[in-house]
Amino acid sequence: MNKITVRSNTYDLSKVQSLIAREDVGGVVLGDILCPKKMFDGGIATQILLAEKVLNSGKTLYYQAPLYVTGRNLDGVKDVLAMINGYGKTSYAVVQDFGTASLVGREYKNVKLVWGVMGRVREHKYTDEFLKFLKSNGFVGMETCDRTLVERLIGLGLKPYYDDSRIIYRSLGRTCYLKYQTGICDPVLCRSGRYCLRATDGAIEMSVNGFILGEKLEKIPAAEYDEVCEKFDVERVVFVD
């Protein structure tokens, strides 16, 4: 049976327990690129608790590091990495910047590096030189939803983590749009996608999902996705509700 790695927009204990009980699940990606409060009811504390559940289950843990690692969230990132590394098992950090990659490579030897799909906001065109640079800096793979990249990654010795959905959005920022609009941090409202910005003439409407405007997932057609997965040695990354 081909194992899959799963991603989800939100996690709680029951969802993680359900996922790690599945025979077809080989790994779980935990972490929100912009706000842990959106993904986990208890923020970083819940993230660490659920990561321990995955590690103890024998499944592979992938820690999705924030898109922007700054002084505001660095301690939380280190806390998660230290806990993962302390288990002595091979786990992975999905990162989008070389500062975080350098930190992982320097201090957390049991954590391997994967370049995240949102790395495209920093590097818009993936040349062979860039991919070779990733490999020379300790990366073992790259997450992508671009079938044209898959064969190139394999040829250069990088593992393709092939997403079954594309993330589409209008804009993302370093500050929370929802908090800016409403004056409060409301993870429940944020996760539900019920809050929207609308043009006065009604011509444009965008969901406000924390730091992201107009976010949605676009599923890759099943026939196209399966064709790539059958042709190449990829890690299947599947988004689940």
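Just so it is clear, the model here is predicted, and its values are computed rather than measured.

Caption draft 1: Geometry of the sheet that holds strand β3 (residues 60-64). One closed barrel accounts for 8 strands, arranged β1-β2-β3-β4-β5-β6-β7-β14; its pairing is parallel. Direction aside, the axes of adjacent strands within the sheet are offset by 30° on average. Pairing of strand β6 (residues 139-144) with strand β7 (residues 159-163) involves 4 bridges; the strand directions are parallel. For threonine 144, the partnering residue across the bridge sits in β7 and is tyrosine 162.

Caption draft 2: Seen up close, the confidence of the model for the protein chain. Counting all residues, the mean pLDDT for the protein chain is 88, and 90% of those residues have values of 70 or more. For the protein chain, per-element mean pLDDT is lowest for strand β11 (residues 205-209), which scores 62, and highest for strand β5 (residues 111-115), which scores 98.

Caption draft 3: Quick look at the nonpolar core. Formed by 67 residues in total, the largest nonpolar core has its most connected members in Tyr11, Leu30, Leu81, Leu131 and Met142. With 5 residues, helix α4 (residues 74-86) is the single largest residue contributor to this core. Dropping the residues within four chain positions of it, leucine 30 is found in contact with Tyr11, Met39, Phe40, Gln47, Leu50, Ala51, Val54, Leu61, Tyr62, Tyr63 and Gln64. Tyr62, Tyr92, Tyr161 and Val237 belong to the second largest nonpolar core, which has 7 residues in total.

Rules used throughout
Residues numbered from 1 in each chain as written. Predicted model: local features only at pLDDT ≥ 70, side-chain atom pairs only at ≥ 80, totals over all residues. Heavy atoms only, no water. Pairing = 2+ DSSP bridges. Helix = DSSP H or I, 4+ residues; strand = E, 2+ residues; numbered from the N terminus. Axes fitted to C-alpha atoms, helices over the stretch in contact; angles between N-to-C directions. pLDDT = per-residue confidence, 0-100. Core = buried A, V, L, I, M, F, W, Y, C linked by side-chain atoms within 4.5 Å. Buried < 20%, exposed > 50% of the residue type's maximum accessible area, 1.4 Å probe, protein only. Contact = heavy atoms within 4.5 Å.

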